[in-house]
Amino acid sequence: MTDYDALPEQRQAMIHQILTETGRVIGADVARKLGVSEHTIRRDLQELARRGLCKKVYGGAISQFQQSASFETRVSQDVVEKSQVARKCAGMIKANTCVFLDAGSTYLAMVEFISEELDLTIVTNSPQIAAALSGRTRGELILLGGKVNPLTGSTLGSDTVNQLRGMVFDQTFIGVCGLDPQAGLSAVYYEDACFKREVLSQSNEVIAAVTANKMSQVARYKVAPCEDIDIAVVSAETKIADFGGVNLRIEIAG
């Protein structure tokens, strides 16, 4: 039987393996499994975090967040999963409402599933989404202005936020870089996080399209706790067990 208490390298390798396979470790569970103290596991997680192999969260750790590719690259990734989630999201749109579509490749995929019969005001900060919706003949389409960030595929900055403050949204489909039961919704870029927080403050119902690679992930900047999101739409293969105790309605697409 391996003496994990005396072998920190093997212990940390085992923890890293669990992180790789499941995306998350709970300190107390790993301590019991390896026959060591929780204090020892906390030191191991600190070391793994220092090496960039995980990110510590309350009670344990999650696998290190993978930096987002450019918007143009993301459009061609996980196409089938995004299409399933996008269709589900589009089916949630209510007629005669004002809807905000955040920039994101899943929401760009959502455009083709939005019924032409719905009379909507659609607001977005994504030039690509606005271009894809430009043929709609019912309702209004509003593109928020500002400097375009090629990594997020969105307009951001003080001008964009100032325009936003004059609007109230019946439904918001918020972009997700990471969604974690403890850390909540997070974003990779500071300006994007600030913008998302402002959007949420102007919204009556918040829906988040979350692909499997973004669940139980924490990006650099916190946006909002899970309780501020009404619905998370995920694909059938997404692991949602960690969200069992969170006040968040989860809808399965597929």
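Residues numbered from 1 in each chain as written. Predicted model: local features only at pLDDT ≥ 70, side-chain atom pairs only at ≥ 80, totals over all residues. Heavy atoms only, no water.

1. Some points on the sheet that holds strand E11 (residues 184-187)
This is how the line gets drawn: Paired strands, as defined in this entry, are two strands with at least two bridges between them according to DSSP. Segments assigned H or I by DSSP are reported as helices when at least four residues long, segments assigned E as strands when at least two residues long, and all are numbered from the N terminus. Think of each axis as a best-fit line through the C-alpha atoms, taken over the contacting stretch in the case of a helix, with angles from 0 to 180 degrees between the N-to-C directions. Contacts are assigned to residue pairs that have any heavy atoms within 4.5 Å of one another.
The strand order across the open sheet formed by 3 strands is E10-E11-E13, and the pairing between neighbours is antiparallel. Each of the sheet's edge strands pairs with one partner strand only, and the pair in question is strand E10 (178-180) and strand E13 (221-224). Direction aside, the axes of adjacent strands within the sheet are offset by 35 degrees on average. Pairing between E10 and E11: 3 bridges, direction antiparallel. Each bridged residue has a counterpart across the sheet, and for Gly178 the counterpart in E11 is Ser186. Docked against the sheet, helix H9 (residues 190-201) engages E11 and E13, running at close to 10 degrees with respect to E13.

2. Describing the pairing of strand E2 (residues 54-57)
Note that E2 and strand E3 (residues 60-63) share 4 bridges and pair antiparallel. In the strand pairing of E3, Lys56 is matched with Ala61. In this structure, the hairpin formed by E2 and E3 is closed by a connection of 2 residues, where Gly59 is found at a positive phi of approximately 85 degrees.

3. Structural notes on unusual backbone geometry
A positive phi is found at Asn96, a non-glycine position, where the angle reads about 60 degrees. Positive phi, close to 55 degrees, is recorded for Ser216, a residue that is not glycine. In this fold, Ser216 is placed in the loop between strand E12 (206-210) and E13.

4. Concerning the side chain of Glu205
Spelled out, the test is: The cut-offs for exposure are 20% and 50% of the maximum accessible area for each residue type, with area from a 1.4 Å probe on protein chains only; residues under the lower value are buried, those over the upper are exposed, and the others partly exposed. Polar contacts, as counted here, are pairs of nitrogen or oxygen atoms within 3.5 Å of one another; within protein the pair requires one atom able to donate a hydrogen and one able to accept it, and residues that are adjacent in sequence qualify only if both atoms are side-chain atoms.
Mapped onto the elements of the fold, Glu205 is located in the loop between H9 and E12. The class for Glu205 is buried, based on a relative accessible area of 16%. At 3.0 Å, the side chain of Glu205 and the side chain of Gln171 are in polar contact. Setting aside chain neighbours within four positions, we find Glu205 in contact with Lys94, Asp170, Gln171, Thr172, Asp230 and Ile231.

5. A short note on the sheet that holds E12
With respect to topology, 7 strands assemble into an open sheet ordered E6-E5-E4-E9-E12-E14-E15, the strand pairing being parallel. Strand pairing shows two members of the sheet lacking a second neighbour, strand E6 (140-143) and strand E15 (249-253), which therefore form its edges. In this sheet, neighbouring strand axes are inclined to one another by 20 degrees on average, regardless of whether the strands run parallel or antiparallel. Inspection of the sheet shows E12 paired to strand E14 (residues 231-235) by 4 bridges, in the parallel sense. Counted as the bridge partner of Ala208 is Ala232 from E14. Its contacts with the sheet place helix H5 (residues 79-90) against strand E9 (171-174), E12, E14 and E15, and it is angled at close to 145 degrees to E14. Packed on one face of the sheet, H9 meets strand E4 (98-101), E9 and E12 and runs near 160 degrees to E9.

6. Section: the side chain of Thr155
Inspection of the secondary structure assignment puts Thr155 in strand E8 (residues 154-156). Residues within four places of Thr155 in sequence aside, it is in contact with Asn125, Pro127, Leu144, Gly145, Gly146, Lys147, Val148 and Thr160.

7. A short note on the pattern of salt bridges
Using the following cut-off: A side-chain nitrogen of Lys or Arg and a carboxyl oxygen of Asp or Glu constitute a salt bridge if their distance falls within 4 Å.
By the definition in use, this model includes 10 salt bridges. With its nearest N and O atoms 3.7 Å apart, the salt bridge here joins Glu251 to Lys88. Of this pair, Glu251 sits in strand E15 while Lys88 sits in helix H5, and the two are 163 residues apart along the sequence. Judged by its relative accessible area of 18%, Glu251 falls in the buried class. By relative accessible area, which is 31% here, Lys88 ends up partly exposed. Here the salt bridges share partners, and the residues they tie into one network are Lys88, Arg249 and Glu251.

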